[in-house]
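Structural overview
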Amino acid sequence: MNNTTATAAAAHRRTVLLGAAGTVGRWYRTHLTGAGDTVTTADLSTGTDHDEDVRTPSAGLRSAVAASDELVLALPEDVAAACLPWLADHARPEAVIVSTCSVQLPLFEAASELGLGPRLRGVNPMFSPTLPSTGQSVVVIAPGSATDADPHVTRMSARLRAGAMAVSVMSPSDHDAAMSVLQALPHAAILSFVDALLAAPVDVTTLMRIAPPPARTLVALACRILAAPPEIYWDIQRANAQGSARRKELLSSLQRLDTLVDADRAAGFHAALASAAEGLGPYAAEGAQECKELFELIQRRRTARRTGAVAAPAVVPASTGARPEPEPEPTEDQPGDR
């Protein structure tokens, strides 16, 4: 095969997308498959080529996998892991397997035991796929020392960058370490906050009527989690081996704050805030501006509701990640908040 023929073959891929009906599955098809690709879809939901449980595939789905160039696991962690054994038996040796899991290392380890490790790659959109992708960050995961020179990484990165997304390439272990801080930790903090709020001896309706923007923002974040299937956030906490360390660090941080206040140590409190600002570096000022814009949006919406006016869509800079309109709910098999 000459270079021209090889390039043409690579441009038109045969892809099997497991979990195609989920939000991440739909996002993957939109942004990481081409117009000339043949995409075979499978999910429990109706409307896919194979409406079935992908853990116990039919002969037809196995046949499609045996003929594919790319196998995409747009699935929860445990379901993706359950698919690996039969994929190892039926996938072509040349086929690449792509995981979209929020936690990647366990799947890479399981794949290595089945001889699939060198063929596995990952992609993790760092935002809910129900949001616009332009300007958003996406992590591409590759084993070992693979870099942008890896052909699969190169292809995925190019397609994502063509969609105006910012791509970072990480190893599975580095990815999961980052996710323990960016997902497991904030979700634990938010869920702990709403648990404490509901335990307080004050009526929730009264609280929300007078709540200032910081409290409303935390409640809104909690409500976003509560609106999604609990399995999503359970996986984020359970599947990441470093999540326990992050939760214990959160407990220690609360204990230090409690100790400072109980001991009436204002100077220690001031020093802790100064140290935090220094640790955040340039983002301390940028984050303060983002928060100001977010709070202004919240206030405009509250004012519009109280006056009965129709709130005009607010123009929110892309860097804030905030959106003025309600978002569609994610389907059960995919995270609604990455």
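Each value, and the rule that gives it
Residues numbered from 1 in each chain as written. Predicted model: local features only at pLDDT ≥ 70, side-chain atom pairs only at ≥ 80, totals over all residues. Heavy atoms only, no water. Salt bridge = Lys/Arg side-chain N within 4 Å of Asp/Glu carboxyl O. Helix = DSSP H or I, 4+ residues; strand = E, 2+ residues; numbered from the N terminus. Buried < 20%, exposed > 50% of the residue type's maximum accessible area, 1.4 Å probe, protein only. Expected span 1.5 Å × (residues − 1). Contact = heavy atoms within 4.5 Å. Polar contact = N/O pair within 3.5 Å; in protein donor to acceptor, adjacent residues only side chain to side chain. Pairing = 2+ DSSP bridges. pLDDT = per-residue confidence, 0-100.

1. Concerning the pattern of salt bridges
Per the counting criterion, the structure on display carries 10 salt bridges. Of the charged contacts in the structure, one is a salt bridge between Arg14 and Asp69, with a shortest N-O distance of 3.1 Å. With Arg14 in strand 1 (residues 14–18) and Asp69 in the loop between helix 3 (59–66) and strand 4 (70–73), this pair connects stretches of sequence that are 55 residues apart. In this structure, the salt-bridge partner of Glu296 is Lys292, at a minimum N-O distance of 2.5 Å. Highlighted residues: Glu296 and Lys292, both in helix 13 (residues 283–307), separated by four residues, approximately one helical turn. By relative accessible area, Glu296 is classed as partly exposed at 32%. For Lys292, a relative accessible area of 44% translates into the label partly exposed. Via salt bridges that share partners, Arg14, Asp69, Arg92 and Glu94 belong to a single interconnected network.

2. Looking at helix 6 (residues 151–162)
Here helix 6 contains 12 residues, and its C-alpha end-to-end distance of 16 Å stays within 8% of the 16 Å for a straight helix at 1.5 Å per residue. Taken together, the buried positions of helix 6 are His152, Val153, Arg155, Met156, Ser157 and Leu160. Where helix 6 is buried, its residues meet helix 2 (23–32), strand 4, strand 5 (96–99), strand 6 (120–125), strand 7 (137–141) and strand 8 (166–170). Where helix 6 begins, one side-chain oxygen reaches toward the backbone nitrogen of His152, 2.9 Å away; that side chain belongs to Asp150. Ala164 lies just past helix 6 and shows a positive phi near 65°.

3. A closer look at the pairing of strand 4
Burial along strand 4 is two-sided: the face carrying Glu70 and Val72 and the face carrying Leu71 and Leu73 are both buried. Pairing analysis gives four bridges linking strand 1 to strand 4, with the strands arranged parallel. Opposite Val16, over in strand 4, you have Leu71 as the bridge partner. Sheet topology places strand 4 next to strand 5; four bridges connect them, and they run parallel.

4. Some details on the confidence of the model for the protein chain
Model confidence for the protein chain is summarised by a mean pLDDT of 87, while 87% of its residues fall at 70 or above. Per-element averaging of pLDDT across the protein chain places helix 1 (residues 3–11) at the bottom with 44 and strand 4 at the top with 98. Confidence drops under pLDDT 50 across residues 1–9; counting only partners more than four residues distant or on other chains, this segment forms one contact. Taken as a whole, residues 314–338 scores under 50 in pLDDT and shows 69 contacts with residues more than four places along the chain or in a different chain.

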